[in-house]
Amino acid sequence: MQDFIKIHPDDKVAVALKPLAVKSSISLDGREITLKENIPQGHKFAVQDIDEGEQVIKYGAPIGIAKCGIKEGGWVHTHNMKTGLGELLEYTYEPAASKAVPQTKETHFFQGFRRRNGKVGIRNEIWIIPTVGCVNNVAAAIERKAQKYLSGSVDAIAAFPHPYGCSQMGEDQENTRRILADLIGHPNAGGVLVLGLGCENSNIDVLKEYIGDYDPDRVKFLVSQEAEDEIEDGLEIVKELAAYASQCKRTPIPCSELVIGMKCGGSDGLSGITANPAVGVFSDLLAAQGGTTILTEVPEMFGAETLLMNRCENEALFEKTVALINDFKNYFKSHDQTIYENPSPGNKKGGISTLEDKSLGCTQKSGSAPVRGVLAYGEKAKGKGLHLLSAPGNDLVASTALAASGAHMVLFTTGRGTPFASPVPTVKISSNSSLYDHKRNWIDFDCGVIAEGKSVIELGEELFRYVLLAASGKKVKSEEAGFHDMAIFKQGVTL
């Protein structure tokens, strides 16, 4: 196992792959460096003297500015470096020689569900979706009592409570309606009960305009104020939906129809070295099959955004990416909040010092393929290849946004661990093996072995095979625990 890694030849820091003791001697680039402090796993140390005000380089790019002089072998972290980012920036399209992902000759398949409208799902679940938070407890009661209707190919019966659907205005209300409509149409659901109250702003009649055409055998509605016993009526509807969905069977589906969301949370200093690059390899492999991947959490692109902008397939996509970034910065400014509040305390404890440090690691999940789509919040992916999606960094909100945009599954990399789920299978991928060993009830896939010498390419290929298994019905850890979560991006006032 390597003790440390210098990621790029131009880097002024290296990263400890395991805890390194003070006075340890490090052999690098034909010379010896003596560590001046203990360096925790995932943290950085200087491989040369860095002057006050000088850029700190990692991943071959600036991750911040030295607040004071840092000696060779010294620990580099929040105590002696700061962000170098500005606010709204001017950007110029400078197309990079991003790899054109070759189409592979061998077509890979997974076992999925083909719906009547031609869409494909990787699960056959019954979803109970409230139109408004007032009926959350009703939805939860129906979910509990309806478990007796699980049969045949039905994977789960789950309710998705949320606090919205009324007392909202403008774009905030539109967001709620779009996300609910997107989830109602999601092909992972073999049947959907849309549960309304009756007097809410986003009532069923209003929501139907957003849903559009639907299969009445698959989507059914219940207005609680019109029912004598809404729980009993809801149970009868779920019984009908389960009987209908249980007839659906898995069939071979080419990977070109697979849509995978990519997200990270609770990152550490190894995330950008192990888990995120492995997901990037996966993303390129799926693109080579003609499939679709979606990268989100815009605030964690700040500092690495030009790398994505210059991979845009054309200038129109570049301009949409510029708007994606600046619109989110203006969102922060409009609420008088600091744009560069990231990283979180857990990120810092794991070795991430600045937002640039976090973003340059985060965007590794995008692989090397060209950017072929840029999506607004709540917009569904229609094309193939790599897409960027407007959504915040919050784990539940961003993962729900990925599902609403059509992701069948979310790949979630983490260095700290989390048990949360989303509306779709959420694969937890650890950046370090100690997390995997400690939280096997949370973590599905370990990329910490990269720090022990396994290649990123090999792990990316292994992850590709794992995703096909999960898409074919293998339950991930959060599903085994019975977890289903959703969260909508709240942006406006509450009446």
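Scroll up a little and you will see the structure.
For every chain, the first residue of its written sequence is number 1, and the numbers climb from 1 along that sequence. pLDDT decides what is reported in this predicted model: residues at 70 or higher carry local features, side-chain atom pairs at 80 or more are listed and counted, and totals for whole chains, interfaces and linings draw on all residues regardless. Side-chain numbers here rest on the full set of heavy atoms in the structure, without hydrogens or water.

> Can you help me understand the side chain of Thr426 in this one?
In DSSP terms, a helix is any run of H or I states spanning at least four residues, a strand is any run of E spanning at least two, and both are numbered starting from the N terminus. Here Thr426 shows up in strand β22 (residues 426-430). Here a polar contact means two N or O atoms within 3.5 Å. Within protein one must be a hydrogen donor candidate and the other an acceptor candidate, and residues neighboring in sequence count only if both atoms are side-chain atoms. For Thr426, the side chain forms a polar contact with the side chain of Ser422, separated by 2.8 Å. There is a polar contact of 2.9 Å between the side chain of Thr426 and the backbone oxygen of Val424. Those residues in contact with Thr426, other than ones at most four positions away along the chain, are Val410, Phe412, Phe420, Ala421, Asp444, Val476 and Ser478. Should any heavy atoms of two residues lie within 4.5 Å, those residues are considered in contact.

> Would you explain helix α10 (residues 395-404) in this entry?
Note: α-helices contain 3.6 residues per turn, so residues at a spacing of three or four share the same orientation. Working definition: with a 1.4 Å probe on protein chains only, accessible area under 20% of the residue-type maximum means buried, over 50% means exposed, and in between means partly exposed. With 8 of its 10 residues buried, α10 lies for the most part within the structure. Buried within α10 we find Val397, Ala398, Ser399, Thr400, Ala401, Leu402, Ala403 and Ala404. Against the buried residues of α10 lie α2 (170-184), β17 (259-264), β18 (292-295), β20 (385-389) and β21 (409-414). Two or three places before Leu396, at the start of α10, stands the capping residue Asn394, its side-chain oxygen 3.2 Å from that residue's backbone nitrogen. Among the residues trailing α10, Gly406 stands out with phi positive, at a value near 110°.

> How should I be thinking about unusual backbone geometry in this particular structure?
A negative phi angle is the norm for most residues apart from glycine, just as the trans form is the norm for most peptide bonds. Of note, Glu297 is a non-glycine position whose phi angle comes to about 65°, a positive value. Examined against the element boundaries, Glu297 turns out to sit in the loop between β18 and α6 (305-309). You can call Glu297 buried: its relative accessible area is 0%. Unusually for a residue other than glycine, Asp336 sits at a positive phi of about 55°. If you trace the backbone, Asp336 turns up in the loop between α7 (315-334) and α8 (345-349). You can call Asp336 exposed: its relative accessible area is 72%.

> How should I be thinking about the sheet that holds strand β14 (residues 189-196) in this particular structure?
Any two strands with at least two DSSP bridges between them are considered paired. With parallel pairing, 4 strands are arranged side by side in an open sheet as β13-β12-β14-β15. With one partner strand each, in any of the chains shown, β13 (157-159) and β15 (219-223) form the two edges of the open sheet. For this sheet, the mean angle separating the axes of adjacent strands, direction not counted, is 20°. Here strand β12 (residues 125-130) runs beside β13; their pairing, made up of 3 bridges, is parallel. Across the sheet, Trp127 pairs through a bridge with Ala158, a residue of β13. Axis geometry follows a simple rule: fit a line to the C-alpha atoms, using only the stretch in contact for helices, then measure angles between N-to-C directions, giving values from 0 to 180 degrees. Along the sheet, helix α3 (residues 204-211) makes contact with β14 and β15, crossing β15 at roughly 160°.

> Could you clarify how one ought to interpret the sheet that holds strand β19 (residues 371-375) in this entry?
What links the strands of a sheet is backbone hydrogen bonding, and the strands pair in either a parallel or an antiparallel sense. Read from one edge to the other, the open sheet built from 7 strands follows the order β19-β20-β18-β17-β21-β22-β23, with strand pairing classed as parallel. The strands lining the two open edges of the sheet, one partner per strand, are β19 and β23 (445-446). In this sheet, β20 lies alongside β18 in parallel orientation, the contact comprising 4 bridges. Within β20, the residue paired with Ile294 across the bridge is His387.

> Even after reading the chapter, I still don't get the pattern of salt bridges, so can you show me in this structure?
Pairing is possible between side chains of opposite charge, provided their charged atoms come close. By definition here, a salt bridge exists when the distance from a side-chain nitrogen of Lys or Arg to a carboxyl oxygen of Asp or Glu is within 4 Å. On inspection of all chains with the given rule, the structure shows 23 salt bridges. Across the pair Glu257 and Arg114 runs a salt bridge, and its minimum N-O distance is 2.8 Å. Placement of Glu257 in the loop between β16 (251-254) and β17 and of Arg114 in strand β10 (residues 109-114) is noted, with a sequence separation of 143 residues between them. On the basis of relative accessible area, Glu257 is assigned to the partly exposed category, the value being 25%. Looking at Arg114, the relative accessible area reads 40%, which means it is partly exposed. Glu171 is the salt-bridge partner of Arg178, the closest N and O atoms lying 2.4 Å from each other. Ionic contacts of the salt-bridge type, sharing partners, join the residues Lys263, Glu297, Lys365 and Asp395 into one network.

Honestly, that's just the spatial picture; any functional story needs more than this.
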